[in-house]
Amino acid sequence: MIKLERINTNFERAVEDEDEDDGSLGSGGSPTWVLGDILQSLEEPDKSTTYLVSKTNELVALLQRYPDLKSELVLPVFGRRVQKLLSHSATEVMATGYRTARYAITDLASLKAIINLKTDAFVIRSLAKEQSFNLEREQAIKFIRGYMEVPEGVGELSLGVLCALVAVAEEPADKLNEIALETLAELLLFDPSKVSAAGGIKVLTQALAKGSYELSDSIMMAFLFLLDMPSTRQYIWAGIDLEAIMTPFAELQDLEHIDEAKIKGTARVLSITLKSWCGLFYMCMFDLAMIRSVVQSMRLRLPGVREIIMDFLFEIFSITKPEWSTPYLAGRRLTSYVNSAETTRLGSKAASTSLRDQYVSLLLAVFIEAELLQHLLIIIQDNLDDKNTRKATLLLGEIITLSADLMPQRYAVKTQVLGPLFASASRFGSLDRFAASSTINQIDRITRNLYHALPDLALQVRGEARRETRASELKKMRLGLHLDDTYFRNMLLDTNVLSTKNYTKWNWDTLIELMQGPLLNPRRLDEAIRATKFMKRLMSFYRPFKYRFSEIRRSTHNERYVRAGGVLIKTLLANPEGVKYLMENKLLRQIAECLAQLDPASGITSAEPLFSRQRLETTLSYGYFRLVGILTASRDGVAMVERWRIFNMFYHMTELGSRKDLLILLISSLDYHLDGHPRILLEKVLTTCDKEARLFATSYVATLIDYDYPRMHNWAIRLLVEQLYDVDQDVRELAVKSLGDACDDGRTSEYLVAVLPDMDRISDVIAPLLLRFLATPEGFKFLSGLDFVEREMDLWFTAGINEYVQVVERELAQALFFGQGDNSTAARAVLPTHFYRELIRTDAGCKLLRQKDHVHTFCTYIKENSKEFTDLAVLTKLKACLWAIGNIASLASGIPFLEESDIVGFIVDIAFNAQVWSLRGTAYFVIGLIASTAEGFEMVDEFGWETALTVMGEPLGLSLPIDIKRFVSMPPWTSDNVLRPSRRGVYVADQDVHNLKQIVVAQQTKKPATRSSP
């Protein structure tokens, strides 16, 4: 709203009356009457600026509140009022004129009527003014943006107005510079021809190198959109326009002072560019010119630049830095192999191959081709900065690991670049050998840590899951049970528990080893309890009111005290003597008392409860819930918890609406393998608590699906099925997704078919889930009885495959742009469920697909339209057919369909020769899907594509062309018919003299205004 000063009007009183009188305008009359009154008042001559601004603000407020009134405007009459406002001498009134005109636009006809008021001339004049008129100029730009809100409205935008907007955008000192640039970037998507003719592309490319980081992101996304198709790609001059983003790197050698902020901004834009097919293909043009430029910048002996580029590489390769990397980069020595349970690594066999894995595999191949590893080795050998040397060593180790996980053998061999280091390390007469030996040792330790400390790395290539160490742990445990007395007493002494009460001096590694081994022997436990103070001191440390464990600061390092407490409880529960000791100890009684402080029904209060929100977030007091959860895993433990009425207090806690943190901690800590109170508690939260708690509980139930315990598995599935009836749609969708993920196991699908309730009530809710039932014969039979299979097949054939294209491209974009460092299913862009993929999992499904002959239809469409590059509808359908073929071919049962159609050669041809770049990317993913089976791997191998294999020779669905440069290097294109401004003016094919005059006016009037701007 344009504001001068507040004045009371009849309209304001009418609005107040409307609020009080349930929608009527009270004494002010109907909205139509008020509209007429305002328009009539604007016709009166000699009104003050304040009056006009107030009335136009009322008019805009009325149109906002009653959008239907816009259709009642008589545009010729209304236009006279707008022209009067735009012709006013006061800049505030002119600003309200633009605002009023913008809110009156409803469709293309109304926009043309507004344009006929000569608004183009007014806009050009406003934008040419000095910055003291910014209120008016801002509203003029917003008026221009209003064209984009009308379908086909940008086509009515004159070239003169665009030139005036470009004039604002090319002045960095102008306060409206950024909004003008952003508007140009958006207009570029609608009409690149006009933006190019107005000189907007040049201004936007300059802003890429010199503008703000956030703005550069938006501009780059607009250019990437244009690069996709030949019809829009021609507006970008190949090898000239987008190379502007490399300017900061090109200036590095000539500058004494490095602007690291600008380098970081450039790296961010390059990262966005490389996370799309169009950006990757463009940067690989001219023999990987832009890729090589980035890589070769690491040759410069500038620590700040090297660090920025390495961080950029970590991001584009989606490398999650391990926990131990922070102290390592800070200078600590990496001396032990980490064996903690970390998040699944990129490309790990533990999770299905994802689209992100396939894309990163190609990125790795491109950068290896650009000699990235050799340049990392240069940083290591230079050893100018210890932090950069360590970061380069870590990055090199990560890339070697990733290449073994994601790439074919030929590419993995290219990562073996440590020859110069070994040669340097073997020169015993040179002092350099010490640094080289140290680097080789660090790379070895890093690689071993990345493979979770397994000594035999040869068995770990291709992302094979690490060997289970459970057998060796059990062997150590058995040996610990039979230690002699002397060795046992020495272990007790080594813990330092008997020599000091200071827990920081205790040897916690020895303590855990002792509890997991010797103390499982009833005789040794009895000796530790009765003959020494060992157990007494240990239990005293964990008692809440001793304020030792409960006051320790919460941190990753201090988590070991919580883990040790859990091992202690398990050890005591393992034999009757320990159960008796735990029953008599004050630990549980004090925990119960602390819980009672939160229970309104207990009558016990505390000014500062041990389980307050602040304490749970900052101290290890949350660990007591973990200890109680371990107790609920055994019947003896449950009996202890019941004895102190802890479950009663838990029931009351579920009703504390203000303590969601407590509820989440409680749910995630209890054990649910036994029937009893924990399961009842979880079911109560799932049904009676608020939405946030139900969402968390539903997602947690999905983690409880334990295939090794059928009763636990079936109980969790039943809970998720009950959530399908939840009143909230988000909860229902989460339950459907969780059940769908669980259906990867055939037993789940079979059980779901048996327990699903009334299908009529929830058929719409579980439609995505029903696709997963097709994977089993029982599920197929069940769905056929509901007439679901053929009905859904027809829907997918006509529209579903097109919608699938949007889903898979959206998920891939989210994974690449927002999933860095996250290896969840969504962030990894695991291939979404496809009807045809699920259909062919059974013989009955294959038979139905053959009867319908859909595969032949898809293949015929691909063959007939593989050269298409203009029609968006045809291209979308072409992508849809490619994804359908890829999903069918990803299973062994789908290979016969491919053999009959002879379609693989056409898909490979699309990958190499399609003029639409995103279509090439789709073909690349489809080739990877085809190579997911042994038969498909042989098919793509015949066309010059190599596939990553496990050590057992099984394909991973990750294929790369042998000639990588042929695939990623796009030929340059010509832009002969594209209009660009010259120094003497703008050459336009249109003979509209009026437009040409507007251009000249915009260019001439802007120059003196710029000189006089403050």
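Here we look at the overall build of the chain
In step 1: Of the regular secondary structure elements, the chain holds 59 helices and four strands.
In step 2: Residues counted as buried form 54% of the 1014 residues belonging to the chain.
In step 3: Relative to all contacts within the chain whose residues are 6 or more apart in sequence, the contacts with residues 24 or more apart total 70%.
In step 4: Accessible surface, the chain: about 45,400 Å² in total, of which carbon and sulfur atoms supply 51%.

Looking at the pattern of salt bridges
Where charged atoms from two side chains of opposite charge come close, those side chains can pair.
In step 1: Within this structure, the stated rule accounts for 38 salt bridges.
In step 2: Taking the shortest distance from any N to any O, the salt bridge between D287 and R292 comes out at 3.6 Å.
In step 3: By relative accessible area, which is 40% here, D287 ends up partly exposed.
In step 4: Note that D526 is salt-bridged to R530, the shortest N-O span being 2.6 Å.

So, helix α37 (residues 635-643)
An α-helical turn contains 3.6 residues, so any two residues separated by three or four positions project in the same direction.
In step 1: Every buried residue of α37 is accounted for by G637, V638, M640 and V641. One side of α37 carries all its buried residues, which in axial view fall inside an arc of 160°.
In step 2: The secondary structure elements touched by the buried residues of α37 are α32 (559-573), α33 (576-584), α34 (586-596), α36 (623-631) and α38 (646-653).
In step 3: Note on α37: the residue one or two positions beyond its end, R645, has a positive phi of about 55°.

Focus on the environment of E942
In step 1: Take E942: it is sitting in helix α57 (residues 934-942).
In step 2: Residue E942 is classed as exposed on the basis of its relative accessible area, which comes to 67%.

Some remarks on a nonpolar patch on the surface
In step 1: Side chains of L189, F190 and F225 sit close together on the surface and give an oily, nonpolar patch of about 310 Å² of accessible area.
In step 2: Take F190: it is sitting in helix α10 (residues 177-190).

Quick word on helix α19 (residues 303-316)
In step 1: For α19, with 14 residues, the first-to-last C-alpha span of 20 Å sits near the 20 Å given by 1.5 Å per residue.
In step 2: Most of α19 is tucked away, with ten of its 14 residues classed as buried.
In step 3: On its buried side, α19 packs onto α15 (247-250), α16 (260-274), α18 (285-296), α21 (355-369), α22 (372-382) and α23 (386-406).
In step 4: Directly beyond the C-terminal end of α19, a positive phi value near 55° is found at S318.

Considering a positive patch on the surface
In step 1: Together, K501, K533, K536, K546, K586, R589 and R643 line one region of the surface with positive charge.
In step 2: Inspection of the secondary structure puts K586 in helix α34.

Describing the side chain of T393
In step 1: Locating T393 in the fold gives a position in helix α23.
In step 2: Dropping the residues within four chain positions of it, T393 is found in contact with Y328, I380, T439, Q442, I443 and I446.

Here we look at unusual backbone geometry
In step 1: Residue L288 is not a glycine yet carries a positive backbone phi of 60°.
In step 2: Relative to the assigned elements, L288 resides in helix α18.
In step 3: Phi at R645 is positive, roughly 55°, even though this residue is not glycine.
In step 4: Tracing the sequence through the fold places R645 in the loop between α37 and α38.
In step 5: Given the relative accessible area of 57%, R645 is considered exposed.

Some points on a negative patch on the surface
In step 1: Together, E899, E935, E938, D941 and E942 line one region of the surface with negative charge.
In step 2: A per-element tally of the negative patch places α57 first, with four residues.
In step 3: The topology assignment puts D941 in helix α57.
In step 4: Residue D941 is classed as partly exposed on the basis of its relative accessible area, which comes to 42%.

Remarks on the packing of aromatic side chains
In step 1: This model, assessed by the stated rule, comprises 44 aromatic pairs.
In step 2: With a centroid separation of 6.1 Å and 50° between ring planes, the pair formed by W796 and Y804 is classed as tilted.
In step 3: According to the relative accessible area criterion, W796 is buried, its value standing at 10%.
In step 4: In this structure, R233 is placed above the aromatic ring of W973, and the distance from its NZ or CZ to the ring centre is 5.8 Å.
In step 5: Positioned over the ring face of F897 is R850, at 4.4 Å from the centre of the ring.

About the thresholds
- All residue numbers here refer to positions counted from 1 along the written sequence of the relevant chain.
- For a predicted model such as this one, the threshold for reporting local features is a pLDDT of at least 70, and the threshold for listing and counting side-chain atom pairs is 80 or more; totals across whole chains, interfaces and linings nevertheless cover every residue.
- Here the side-chain values reflect all heavy atoms present in the structure, with hydrogen atoms and water set aside.
- Note on conventions: DSSP H or I runs of at least 4 residues are helices, E runs of at least 2 residues are strands, and numbering of each starts at the N terminus.
- With a 1.4 Å probe rolled over the protein chains alone, any residue whose accessible area is under 20% of its type maximum counts as buried; one over 50% counts as exposed, and the rest are partly exposed.
- Residue contacts are counted whenever heavy atoms from the two residues lie within 4.5 Å of one another.
- Method for areas: the Shrake-Rupley scheme with a 1.4 Å probe, in which residue coverage is limited to the protein chains shown.
- What makes a salt bridge here is a side-chain nitrogen of Lys or Arg within 4 Å of a carboxyl oxygen of Asp or Glu, nothing more.
- Think of the arc as the fan of directions from the helix axis to the C-beta atoms.
- Put simply, a patch holds well-exposed residues, over 30% relative accessible area, that have no salt bridge, with like charges counted together within 9 Å and Val, Leu, Ile, Met, Phe, Trp or Tyr side chains within 5 Å.
- Given a helix with a known number of residues, its expected span is that number minus one, times 1.5 Å.
- Positive charges are assigned to Lys and Arg, negative charges to Asp and Glu, while His and the chain termini are left out of the count.
- For charged residues, the charge sits on one atom: NZ in Lys, CZ in Arg, CG in Asp, CD in Glu.
- Ring pairs are drawn from Phe, Tyr and Trp, using the six-membered ring of Trp, whenever the two centres fall within 6.5 Å, and their geometry is named by plane angle: stacked under 30 degrees, edge-to-face over 60, tilted for the rest.
- Each ring is checked for a lysine NZ or an arginine CZ that lies within 6 Å of its centre and within 35 degrees of its normal; such an atom marks a charge sitting over the ring.

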